[in-house]
Amino acid sequence: MKLVAVTACPSGVAHTYLAAESLEVAAKKNSVEIHVETQGSIGIENELSLEQIQSADAVILTNNIGIKNEDRFKGKPVVRVSAGDCINKGEVIVKKLQQKLTK
């Protein structure tokens, strides 16, 4: 399974990066490929490529603030969660997506 994610928070500092790290750790633990773009206080980092987006089975977006260039994900299953949930429940989110997408 392949996922892409974009994490962002209102201040664009700690929660943005903690959410990204939590999703990356959870994906690795569950043998899921993930690419995470952060939209923080210094702008967009690790911007997702068109190829990464096209090959993804699903998209995870944080919903604390608007995500820039969200139209890139049109036609893909999108899960919206808070940055806090990504941090605290990253593994649960990844496992639920695995179950949902492998049915």
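For the structure itself, look to the data block above.
What counts, and at which threshold
Residues numbered from 1 in each chain as written. Predicted model: local features only at pLDDT ≥ 70, side-chain atom pairs only at ≥ 80, totals over all residues. Heavy atoms only, no water. Helix = DSSP H or I, 4+ residues; strand = E, 2+ residues; numbered from the N terminus. Rg over C-alpha atoms; globule rule 2.2 N^0.38 Å. Buried < 20%, exposed > 50% of the residue type's maximum accessible area, 1.4 Å probe, protein only. Salt bridge = Lys/Arg side-chain N within 4 Å of Asp/Glu carboxyl O. Axes fitted to C-alpha atoms, helices over the stretch in contact; angles between N-to-C directions. Parallel < 35°, antiparallel > 145°, perpendicular 65-115°, else oblique. Contact = heavy atoms within 4.5 Å. Nonpolar A, V, L, I, M, F, W, Y, C, P; charged D, E, K, R; others polar.

**Here's the deal with the overall build of the protein**
Here is step 1 of the chain: Helix and strand content of the protein: three helices and five strands.
Here is step 2 of the chain: Starting at the N terminus and ending at the C terminus, the protein contains elements arranged as β-α-β-β-α-β-β-α.
Here is step 3 of the chain: Against the 2.2 N^0.38 benchmark of 13 Å for 103 residues, the protein shows a C-alpha radius of gyration of 12 Å, consistent with a compact globule.
Here is step 4 of the chain: Once the C-alpha set of the protein is aligned to its principal axes, its extents read approximately 35 × 30 × 20 Å.
Here is step 5 of the chain: For the protein, buried positions account for 39% of its 103 residues.

**Topic: the pattern of salt bridges**
Here is step 1 of the chain: Taken as a whole, this structure holds five salt bridges when the rule is applied.
Here is step 2 of the chain: Measuring nitrogen to oxygen at the nearest pair gives 3.2 Å for the salt bridge that ties E91 to K29. A residue pair is termed long-range when its members are at least 10 positions apart, and E91 in helix α3 (residues 83-101) and K29 in helix α1 (residues 14-29) qualify at 62 residues.
Here is step 3 of the chain: Between E91 and K95 there is a salt bridge, with its nearest N and O atoms 3.4 Å apart. With E91 and K95 both in helix α3 and four residues apart, the pair spans about one turn of that helix.
Here is step 4 of the chain: The class for K95 is partly exposed, based on a relative accessible area of 38%.
Here is step 5 of the chain: Taken together, the shared-partner salt bridges connect K29, E91 and K95 into one network.

**Quick word on the packing of α1 against α3**
Here is step 1 of the chain: In contact at an axis separation of 8 Å, α1 and α3 are set at 5 degrees when each is read in the N-to-C sense. Viewed along their axes, α1 and α3 adopt a mutual orientation that is roughly parallel. Along its contact with α1, which presents H15, L18, A19, S22, L23, A26, A27 and K29, the element α3 presents A83, C86, I87, G90, E91 and V94.
Here is step 2 of the chain: Split into classes, the residues belonging to the contact of α1 with α3 amount to nine nonpolar, three polar and two charged.

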